[in-house]
Amino acid sequence: MDLNSASTIVLRVLTQATSQDTAVLKPAEEQLKQWETQPGFYSVLLNIFTNHTLDVNVRWLAVLYFKNGIDRYWRRVAPHALSEEEKSTLRAGLITNFNEPVNQIATQISVLIAKVARVDCPRQWPELIPTLLESVKVQDDLRQHRALLTFYHVTKTLASKRLAADRKLFYDLASGIYSFACSLWNHHTDTFLQQVCTGDEAAATNSLERTLLSLKVLRKLTVHGFVEPHRSVEVMGFLHAVFERLKQFLECSRNIGGENICRDRLEKTIILFTKVLLDFLDQHPFSFTPLIQRSLEFAVSYVFTEAGEGVVFERFIVQCMNLIKMIVKNYAYKPSKNIEDSSPETLEAHKIKTAFFTYPTLMEICRRLVTHYFLLTEEELTMWEEDPEGFTVEETGGDSWKYSLRPCTEVLFIDIFHEYNQTLTPVLLEMVHSLQGSTNMEDTSAILIKDAVYNAVGLAAYELFDSVDFDQWFKNQLLAELQVAHNRYKPIRRRVIWLIGQWISVKFKSDLRPMLYEAIRNLLQDQDLVVRIETATTLKLTVDDFEFRTDQFLPYLESMFTLLFQLLQEVTECDTKMHVLHVLSCVIERVNMQIRPHVGCLVQYLPLLWKQSEEHNMLRCAILTTLIHLVQGLGADSKNLYPFLLPVIQLSTDVSQPPHVYLLEDGLELWLVTLENSPCLTPELLRIFQNMSALLELSSENLKNCFKIINAYIFLSSSEFLQMYATDLCRSFCELLKDITTEGQVQVLKVVENVLKVNPILGPQMFQPLLPSVFRGIIDGERYPMVMSTYLGVMGRVLLQNTSFFSLLLSQMACELGQELDQILGNMIEMWVDRMDNITQPERRKLSALALLSLLPSVNSVIQDKFCGIINISVEGLHDVMTEDPETGTYKDCMLMSHFEEPKVTEDEEPPTEQDKRKKMLALKDPVHTVSLQQFVYEKLKAQQELLGEQEKTRFLASSLLLTLRIGS
């Protein structure tokens, strides 16, 4: 591509590519795509985006195409890779000058230089770093900033490389430039602080930007540039300097007003200082040991004493708490139970920690966390009143929750309490004891303190197991507090029911459950919405607990379910509706069939909720989960839900519909339980299977459920189902088997096995295209035992239950393989006998014995030759199935079934589904469960003996076994 002639053309096409008119835009994009592999194209792009007189949008697009080209064509091994000559020219052009006036474009240029550096620096681009180091020294503000910006992105990219050789190169780079980077940072930091003192805000803002960039460079060099950073005087000097600089910057933040650009950047810089410490601690815990004492003193001072008042801001407090938490929890600082097994570095760090966390320090941290940071703020109380659902979502982990102060304080409390529970337990218990008795309703402060202390007791539940008699506390104090109906006491009602939820799985006597259910029922009628939502959460934890007993809960089921349904109707936020639906689902799941009389209102409401939630896929997921449990609870009665249920399944499992991305997994689960509980196959239920073909093509992690659904259709109504879908299903299976895991292969074959079990006459014909590969797998000696076992199960069904089809298949295989029919049969029997141990399922082992015995009586020389092997398998089968009848003392086939009995179900067991009943009925027609192996062996050997006449050897074997069987019977 000639640069002079091409520049004008490329510029015109780039201009067209920025157009809003699709008719102009699309052809331009196609043309640019064709040019991507043309030599010289990227040189033209470089000339365009470095020409500051051109339109900004065109230059922006040129930078993006250049950057994408680096990803695709820069490496030598890439298809259509750039030539070394052009790459050399481009590298030189990228660092000729750093004077880009537009910030966004400057950032993109820095990023693309870093991308090139990742591949070429330092071997093919040794001049990059020296050029950057020189450029950050210039006096021109723009050039200096752009060079520093590029320096940061290059450092960041090189630091991210993980191969050993790349790490070595970065270590060399870091040791070579670290001193300069420190000097640069100190220079810009000092300049900024001086300009703040003189009140030159514009200059201070510029200097602060350079301070921030140089600190970002130092962060990457410090954290990733040294194997043993504690051995570097400069590194440790910088880290110690971080604390002094932090104090200076925090004082600056006190002096700079509220809504101010400089203050915003200042806070970002302060947070970056803390990130340096946190990253260094994470990557080099032992190198951090000399900084443990100072870090703890600094963080505790600003967060838990008056030193931080008027200075600290929320994100800084969060970072300081994270620093304390990481030191407290750090595995490297915890000695082994056997002290001699601990390293000297671990013991040293542990000693420093122990010396710092004295009783007075721990007590002060605990008290401040509880009585200061745990208190509900004015902002939270206002939100409670004005937006109760929003308050609940924030408290239970909304999108912004993980970044806020409250969860951070709670996690720090849990970690410190766990680490120092023997010291802190008496402190917390003393706080609890001081709050016993009634609380003045007019004293808001006292109510909030009690709320905070109860919060602490809930968070520390597991640590307080041996120190708190929760059952007595519940009966003597907490139950009474739940009954205080005053509006100002609602924080305590909410906190107490939350507290019980935290303790329910830790220590709560089963015989107290009815009292708790009574309290929950009352609170679900509380005047405050937040209290009702929190109560629903505790109810979920209660019924989820392993000590839950249905008989205790049933007296309250109707009223609680009604109240939960009313709550579901009342709340309006998507997250809250999801939460209440999950509680309802949990209740339905635990009481199972007992829910049937009470679900009418919910069944009527769910279609409306589904329609209203069209734009809220996560709420629809919650509805699907509720429907799953509803169908399981209703059993065969779930057929009444089909007008709503089946369209929901249809939409959720249709991969051509966008919502399937969110709904597919739950939709498949709902589809499966619907089939399992269906009393009969309806035309609408059959029609949904049209979705399956596309699902099988996805070959996703949902494939296992797809196979379960297919099996459920086979058990539900094999003739109707297979008549409509067998051809498509067989075609899909043939495609799947070309590229599928061993487990997937087994799942496919199990479906075929079930088809043959349910429909032994038509089944082999419907899936005929699959059977030659099964036969071939057997005679070739398939190496995976699971697959071989399933092959033998499939072939056993054909051989035992459809002899004529087996003969046709045998002839087909002989023709395909160019071998004699008897030879093929002999190979199959020989491999079957040899690989019998691959079969572990008793049903399949008996099936194998029955199938091979079905070849008798026979005068075929091959079968006679393999007679001993058939006998061996028969004997193994008899060993598997013959058990002694304790009443008669005789041996009988334990797999025989004569009639269907409804199993007796205990309270803790789930009742059998309609599919379970269908499987039982099918077993009554299955030779494995209707034919006595002992009798079958006897009859076959007797027939063989009679057929052979005087052929002594075989007759002797047959007679001997026959005699053995007679004795056994």
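Residues numbered from 1 in each chain as written. Predicted model: local features only at pLDDT ≥ 70, side-chain atom pairs only at ≥ 80, totals over all residues. Heavy atoms only, no water.

Before going further, it helps to spend a moment on the packing of helix α21 (residues 444-459) against helix α22 (residues 470-482). Following both chains from N to C, one finds α21 and α22 inclined at 135°, their axes separated by 14 Å at the closest point. Considering their axes alone, α21 and α22 lie oblique with respect to each other. Our pair here, α21 against α22, has a crossing hand that is left-handed. Residues K450, Y454 and V457 of α21 form the contact with α22, whose own contacting residues are W473, Q477, L478 and E481. (Axes fitted to C-alpha atoms, helices over the stretch in contact; angles between N-to-C directions. Helix = DSSP H or I, 4+ residues; strand = E, 2+ residues; numbered from the N terminus. Parallel < 35°, antiparallel > 145°, perpendicular 65-115°, else oblique. Left-handed = near helix turned anticlockwise from the far one by under 90°. Contact = heavy atoms within 4.5 Å.)

Right, let's talk about the environment of Q569 for a bit. Within the secondary structure, Q569 sits in helix α26 (residues 550-570). Residue classification places Q569 among the partly exposed residues on the basis of a relative accessible area of 41%. Excluding residues within four positions of it along the chain, Q569 makes contact with K577 and Y605. (Buried < 20%, exposed > 50% of the residue type's maximum accessible area, 1.4 Å probe, protein only.)

For the rest of this paragraph, the subject is empty space enclosed by the protein. On inspection of all chains with the given rule, the structure shows 2 cavities of 30 Å³ or more. Of the volumes computed, that of the largest cavity is approximately 40 Å³. Looking at the lining of the largest cavity, the elements that each hand over two or more residues are α12 (261-283) and α14 (314-329). Looking at which element gives the most residues to the lining of the largest cavity, the answer is α14, with 3 residues. Taken together, the residues of the lining of the largest cavity sort by class into 4 nonpolar, 2 polar and no charged. (1 Å grid on protein atoms, 1.4 Å probe; cavity = no way out; pocket = protein on both sides within 12 Å on 5 of 7 lines; lining within 4 Å. Points joined across faces, edges and corners; volume = space filled by probe spheres on them. Nonpolar A, V, L, I, M, F, W, Y, C, P; charged D, E, K, R; others polar.)

Its volume calculated, the largest pocket comes out at about 770 Å³. Every residue lining the largest pocket is counted, 27 residues in all, and those nearest its centre are F715, K750, N754, K757 and K919. Those elements that provide at least two residues to the lining of the largest pocket are α31 (660-676), α34 (703-736), α35 (742-758), α41 (842-853), α44 (914-923) and α45 (927-930). Sort the elements by how many residues they give to the lining of the largest pocket and α34 lands first, with 6 residues. Residue composition of the lining of the largest pocket, grouped by class: 9 nonpolar, 6 polar and 12 charged.

The sites that UniProt annotates as "domain: Importin N-terminal" (unreviewed entry) are residues 28-100. Structurally, residues 28-100 comprises 63% helix and 0% strand, and the distance from its first C-alpha atom to its last is 26 Å. (UniProt positions renumbered as here; feature names shortened; annotations may be inferred.)

With that settled, consider a nonpolar patch on the surface. Together, M618, V661 and Y662 make up a nonpolar patch on the protein surface, roughly 340 Å² of accessible area in all. The residue M618 is located in helix α29 (residues 617-634) in this model. (Patch = residues over 30% accessible without salt bridge, like charges linked within 9 Å, V, L, I, M, F, W, Y side chains within 5 Å. Areas by Shrake-Rupley, 256 points an atom, 1.4 Å probe, with all protein chains shown as cover. Salt bridge = Lys/Arg side-chain N within 4 Å of Asp/Glu carboxyl O.)

Turning our eyes to something else, we now look at the packing of helix α27 (residues 574-591) against α29. Closest axis-to-axis distance for the α27/α29 pair is 9 Å, and the angle between their directions is 15°. Comparing their axes, α29 and α27 come out roughly parallel. The handedness of the crossing between α27 and α29 is left-handed. Only M618, L619, A622, I623, T625, T626, H629 and L630 of α29 make contact with α27, whose side of the interface consists of C574, K577, M578, L581, H582, S585, I588 and E589. Its residues assigned to classes, the contact of α27 with α29 comprises 9 nonpolar, 5 polar and 2 charged.

Looking now at the side chain of D926. Relative to the elements of secondary structure, D926 occurs in the loop between α44 and α45. Judged by its relative accessible area of 5%, D926 is buried. A distance of 2.7 Å separates polar atoms of two side chains, one belonging to D926 and the other to R797. If near-sequence neighbours (up to four positions away) are discounted, D926 is found in contact with K757 and R797. (Polar contact = N/O pair within 3.5 Å; in protein donor to acceptor, adjacent residues only side chain to side chain.)

The next subject is the confidence of the model for the protein chain. Scored by pLDDT, the protein chain has a mean of 91; 95% of the residues are at 70 or more. Predicted confidence for residues 398-402 stays below pLDDT 50, and this span has 6 contacts to residues more than four positions away or in other chains. (pLDDT = per-residue confidence, 0-100.)

Okay, the environment of M897 next. Take M897: it is sitting in the loop between β2 (891-893) and α44. Given a relative accessible area of 25%, M897 falls into the partly exposed group. Along the backbone, M897 and S932 are 35 residues apart, and their C-alpha atoms lie at a distance of 9.9 Å. Not counting chain neighbours up to four residues away, the residues in contact with M897 comprise K920, A923, L924 and H929.

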